[in-house]
Amino acid sequence: MKTENLKKEALEKLEQSKDLNDLENIEKEYLGKKGKLRELSSKMKDLTGEERKELGAQINEALNFLEEKIELEKKAFKLEELKEKEEMESLDITFPGVKAFQRGHIHPLSIVKKEIEDIFTFLGFSIIQGPEIEDEWHNFDALNFPKDHPAREMQDTFFIKQKNREELDSREKYVLRTHTSNIQTRYMESHVPPFRIVAPGRVFRYEATDASHESCFYQIEGLLVDEHISVANLKAVLERFLQEFFRNLDVKIRLRPSYFPFVEPGFEVDMSCVVCNGKGCSICQGGGWIEILGAGMVHPNVFKNCGLDPQNLTGFAFGISIDRLAMMKYKIDHIKWFHSGDLRFLKQF
Ligand code: FA5
């Protein structure tokens, strides 16, 4: 009966075992060379032949029984271990991440540029691109800039270093474009009116920076050429554009005479302040109006320089600062923020 008791005892321990280590200890305790069942056989010498035979059979039966049981338990533990390992190591790339994925932000200038483009597309304008490195002909000469115009001087223009620059023709001398008006001349050279285009892009100026001036900023050029176009059309398009852009039908504009060599008459255009509705506030410095763009009627010399006959053609052009529109829309107090790369600023959009 001793073997039965040992079997029972071993089975109870097996039931309570928690891992392979426990099983190995049970195996050693009952089946090992010095284990409890083998120890029983050492008592056989005191028994009669018949008793010895019977005990031997009982011990063998118990050994086989427990061996089988322990083997089964081992397999079960190993399977469990494998499953756990698989769960830990398996990689399901379709599984959602533990941390929420951080999405980037569209830059405020890109948001505003897209909005402006959408409004002008709605008004029937096409969107055109032009080069940032431009020859002096398209950036100045074709636009009727006199050779000695101060805008060509070192304080305004980034000139590209070229060998024997002085001897080159203005079509071979390069600058970083100082405005998007270069796209006007390129477009008029290669297209037949009527047309209406807008052209957004980066422009570069060698000038001191402050809250509303950057050496690299964005403009959007507008050009509409047809017969019988007047300042009234220019005013209507600009006013409509601004009302759409600021989603405010009270936006008004006023034209102040100004000089740009490529338009006649030329204007600086102010809009009524959208922050105070023209009553006067810190953004418009109390005046109720803010200057946002230059505009005018295309000068006949520009038509001529671009190979068009000024006789029957009229048109208007304008150049808006995208940066300044963005500043007003989002009430941004300094132009430097756009290129600061500061995430605290960018995350707001
Ligand atoms: C021009 O660049 C003309 N090409 C605009 C034009 C086009 C006039 C077609 C007539 C017909 P201006 O230099 O004024 O003009 O610049 C246009 C607008 O850009 C200004 O009204 C102002 O809002 C903005 N601007 C000018 N300089 C800077 C600067 N350094 N940083 C940011 N915005 C500027």
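Conventions adopted
- Residues numbered from 1 in each chain as written.
- Predicted model: local features only at pLDDT ≥ 70, side-chain atom pairs only at ≥ 80, totals over all residues.
- Heavy atoms only, no water.
- Helix = DSSP H or I, 4+ residues; strand = E, 2+ residues; numbered from the N terminus.
- Rg over C-alpha atoms; globule rule 2.2 N^0.38 Å.
- Buried < 20%, exposed > 50% of the residue type's maximum accessible area, 1.4 Å probe, protein only.
- Contact = heavy atoms within 4.5 Å.
- Areas by Shrake-Rupley, 256 points an atom, 1.4 Å probe, with all protein chains shown as cover.
- Salt bridge = Lys/Arg side-chain N within 4 Å of Asp/Glu carboxyl O.
- Expected span 1.5 Å × (residues − 1).
- Arc of directions from axis to C-beta.
- Pairing = 2+ DSSP bridges.

Looking only at helices and strands, the protein has 11 helices and nine strands in total. Radius of gyration (C-alpha) of the protein: 43 Å, far over the 20 Å computed for a compact globule of 349 residues. Buried residues in the protein amount to 41% of all 349 residues. Expressed as a percentage of contacts within the protein between residues at least 6 apart in sequence, the contacts between residues at least 24 apart total 65%. When the accessible surface of the protein is split by element, carbon and sulfur atoms take 52% of a total near 20,900 Å².

Moving on, we get to the pattern of salt bridges. On inspection of all chains with the given rule, the structure shows 19 salt bridges. A salt bridge links Asp141 to Lys147; the shortest N-O distance between them is 2.6 Å. Accessibility expressed as a relative area gives 61% for Lys147, which makes it exposed. Between Arg256 and Asp270 there is a salt bridge whose closest N-O contact spans 2.7 Å. With Arg256 in strand E6 (residues 253-258) and Asp270 in strand E7 (residues 263-272), the pair connects residues that are 14 residues apart, well separated along the chain. Residue classification places Arg256 among the partly exposed positions, given a relative accessible area of 31%.

Relative to the elements of secondary structure, Gln162 occurs in the loop between helix H6 (136-139) and strand E3 (174-176). Beyond its immediate chain neighbours, meaning those up to four positions away, Gln162 contacts Leu168, Glu172, Lys173 and Tyr174.

The end-to-end C-alpha distance of helix H2 (residues 20-31) is 16 Å, a good match for the 16 Å that 12 residues give at a rise of 1.5 Å each. Among all positions in H2, only Leu20, Leu23, Ile26, Tyr30 and Leu31 are buried. One face of H2 carries all of its buried residues, which in axial projection span an arc of 115°. The inward-facing, buried residues of H2 abut helix H1 (2-16), helix H3 (36-41) and helix H4 (49-89).

Attention now moves to the pairing of E6. As defined by bridge partners, E6 adjoins E7 across six bridges and the pair is classed as antiparallel. Residue Pro257 lies in a different strand from E7, and its bridge partner there is Phe267. In sequence, E6 turns back onto E7 through a hairpin of four residues.

What is shown is where atoms sit, not what they do.
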